[in-house]
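Below, each chain spelled out in residue letters.
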Amino acid sequence: MDRLRPRQRQVFTGFTKAEIEKLEKSLNESGEQALNREYCQNFARSFSRSSGRAGKPIVKWTEVHSWFQSRLQDSAKASENKSEPPEACPSNKEHEISGMLKAEAKIPDLSDLEFEAKSSKDGAWYDVDLFLAHRFLSTVRVRFVGFGAEEDEWVNIKKAVRERSIPLEHSECHKVKVGDLVLCFQERRDQAIYYDAHVLEVQRRMHDIRGCRCLFLVRYNHDNSEERVRLKRLCSRPT
């Protein structure tokens, strides 16, 4: 399972020159307000979605926060010899930023999310490693985890990209109920990949040293075939 759906993610290697210029400008205007979590999340979302970060790892809000914190500490050290530090006066810009934060308060933070995409070649779902480029408003080019550039695909972001499904632990079998949409590992003679399926029936069984022994009857959405599977072959959909 891990071999086909590895979880590794590119390591963040720093901000681009354009991103640093925006961060420095913002820090000069907002001061310590830049350490606000929502403030940092807004920058992380903006940077991660920009065309200049295509092919690069996404930015987490904690990385933005660390950058601001480091610059503020350097600034404090440089002014230690001054008798009186200048008082921070609220500016019109701060009020504008405050209003912007309130307006975006309902926007979820995407910087810590992982995604999966549906391949047009076989209709199966694979973990996304990178979002490489986009065209129009609804199409994005993705690279799948564990695959090279030759397997990159253009996919519809509304229909074929979603938050990554979650593998279930042995103690979580009670979460699977009849009617649930799940991602199920379908094993065939010529392939073994993940497809969407719905749970038709659940047979609860006593667990033993091997873990969960329950059986789940599922129907695959792509071919309507049915199969009884163990919990280890199921991934739940995030709610």
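- The name given to the protein in an unreviewed UniProt entry is Protein SAWADEE HOMEODOMAIN HOMOLOG 1 isoform X3, and the organism recorded there is Ziziphus jujuba.

Describing the sheet that holds strand β1 (residues 115–118)
For step 1, the next point in the chain: Reading across from one edge, β4-β3-β2-β1-β5 is the order of the five strands in this open sheet, with antiparallel pairing throughout. Whereas interior strands pair on both sides, the edge strands pair on one side only; in this sheet they are β4 (153–156) and β5 (161–163). Recorded for the sheet is a direction-independent mean angle of 55 degrees between the axes of neighbouring strands.
For step 2, the next point in the chain: Of the strand pairs in this sheet, strand β3 (residues 139–144) and β4 are connected by four bridges, and their pairing is antiparallel. Residue pairing for β4: V142 is matched across the bridge by E153.

Re the side chain of E227
For step 1, the next point in the chain: Mapped onto the elements of the fold, E227 is located in strand β10 (residues 226–229).
For step 2, the next point in the chain: One polar contact links E227 to Y220, side chain to side chain, over a distance of 2.7 Å.
For step 3, the next point in the chain: Excluding residues that lie within four positions of it along the chain, E227 makes contacts with Q186, R188, F216, L217, V218, Y220 and R233.

Digging into the packing of helix α1 (residues 17–30) against helix α2 (residues 37–49)
For step 1, the next point in the chain: Two elements in contact, α1 and α2, have axes separated by 12 Å at closest approach and are oriented at 160 degrees. In terms of their interaxial angle, α1 and α2 are classed as roughly antiparallel. Between α1 and α2 lies a crossing of right-handed hand. Counted together, E19, K22, L23, S26 and S30 of α1 and Y39, F43 and F47 of α2 form the full contact between these two elements.
For step 2, the next point in the chain: Split into classes, the residues belonging to the contact of α1 with α2 amount to four nonpolar, two polar and two charged.

Structural notes on the packing of aromatic side chains
For step 1, the next point in the chain: Applying the stated criterion across every chain, the model contains seven aromatic pairs.
For step 2, the next point in the chain: With 5.7 Å between their ring centres and 75 degrees between their planes, W67 and F68 make a pair best called edge-to-face. Across the pair, F68 and W67 agree in class, each one buried.
For step 3, the next point in the chain: Residues F115 and F131 carry aromatic rings whose centres are separated by 5.7 Å and whose planes lie at 75 degrees to one another, so their mutual orientation is edge-to-face.

Focus: α2
For step 1, the next point in the chain: Between the first and last C-alpha of α2 there are 18 Å, a value that for 13 residues agrees with the 18 Å anticipated at 1.5 Å per step.
For step 2, the next point in the chain: Looking only at α2, the buried set comprises Y39, C40, Q41, N42, F43, A44, R45 and F47.
For step 3, the next point in the chain: The backbone nitrogen of E38 has a side-chain oxygen 2.9 Å away, supplied by the residue at the start of α2, namely N36.

Overview of the nonpolar core
Within soluble globular proteins, side chains that are nonpolar tend to cluster in buried spots.
For step 1, the next point in the chain: With 28 residues, the main nonpolar core has F216, V218 and L234 as its most contacted residues.
For step 2, the next point in the chain: Breaking this core down by element, the ones donating at least two residues are β2 (125–135), β3, β7 (181–187), β8 (192–203) and β9 (215–220).
For step 3, the next point in the chain: The element contributing the most residues to this core is β8, with five residues.
For step 4, the next point in the chain: The next biggest cluster of nonpolar side chains, apart from the first, holds 14 residues, and it includes L27, C40, F43 and F68.

Overview of unusual backbone geometry
For step 1, the next point in the chain: Notably, N224 is not glycine yet its phi reads approximately 60 degrees, a positive angle.
For step 2, the next point in the chain: Examined against the element boundaries, N224 turns out to sit in the loop between β9 and β10.

A few points about the sheet that holds strand β11 (residues 234–236)
For step 1, the next point in the chain: The antiparallel open sheet is built from six strands, whose spatial order is β6-β11-β7-β8-β9-β10. Two strands in the sheet have a free side with no partner beyond their single neighbour: β6 (166–167) and β10.
For step 2, the next point in the chain: Pairing of β6 with β11 involves two bridges; the strand directions are antiparallel. Of the residues in β11, the one forming a bridge with P167 is C235.

Quick word on the pattern of salt bridges
For step 1, the next point in the chain: As enumerated under the stated definition, the model contains 15 salt bridges in all.
For step 2, the next point in the chain: Across the pair K121 and E151 runs a salt bridge whose closest N-O atoms are separated by 3.1 Å. Of this pair, K121 sits in the loop between β1 and β2 while E151 sits in the loop between β3 and β4, and the two are 30 residues apart along the sequence.
For step 3, the next point in the chain: A residue is classified by how much of its surface remains accessible, and E151, at 29% relative accessible area, is partly exposed.
For step 4, the next point in the chain: Its salt-bridge partner being D127, residue R164 comes within 3.1 Å of it at the nearest N-O pair. Residue R164 is found in the loop between β5 and β6, and its partner D127 is found in strand β2; the two are separated by 37 residues along the sequence. Accessibility classification places R164 together with D127 in one group, the buried group.
For step 5, the next point in the chain: Overlapping salt bridges bring together E116, R162, D196 and R237 as one network.

Thresholds, definitions, all that
Residues numbered from 1 in each chain as written. Predicted model: local features only at pLDDT ≥ 70, side-chain atom pairs only at ≥ 80, totals over all residues. Heavy atoms only, no water. Pairing = 2+ DSSP bridges. Helix = DSSP H or I, 4+ residues; strand = E, 2+ residues; numbered from the N terminus. Axes fitted to C-alpha atoms, helices over the stretch in contact; angles between N-to-C directions. Polar contact = N/O pair within 3.5 Å; in protein donor to acceptor, adjacent residues only side chain to side chain. Contact = heavy atoms within 4.5 Å. Parallel < 35°, antiparallel > 145°, perpendicular 65-115°, else oblique. Left-handed = near helix turned anticlockwise from the far one by under 90°. Nonpolar A, V, L, I, M, F, W, Y, C, P; charged D, E, K, R; others polar. Phe/Tyr/Trp six-rings, centres within 6.5 Å; stacked < 30°, edge-to-face > 60°. Buried < 20%, exposed > 50% of the residue type's maximum accessible area, 1.4 Å probe, protein only. Expected span 1.5 Å × (residues − 1). Core = buried A, V, L, I, M, F, W, Y, C linked by side-chain atoms within 4.5 Å. Salt bridge = Lys/Arg side-chain N within 4 Å of Asp/Glu carboxyl O.

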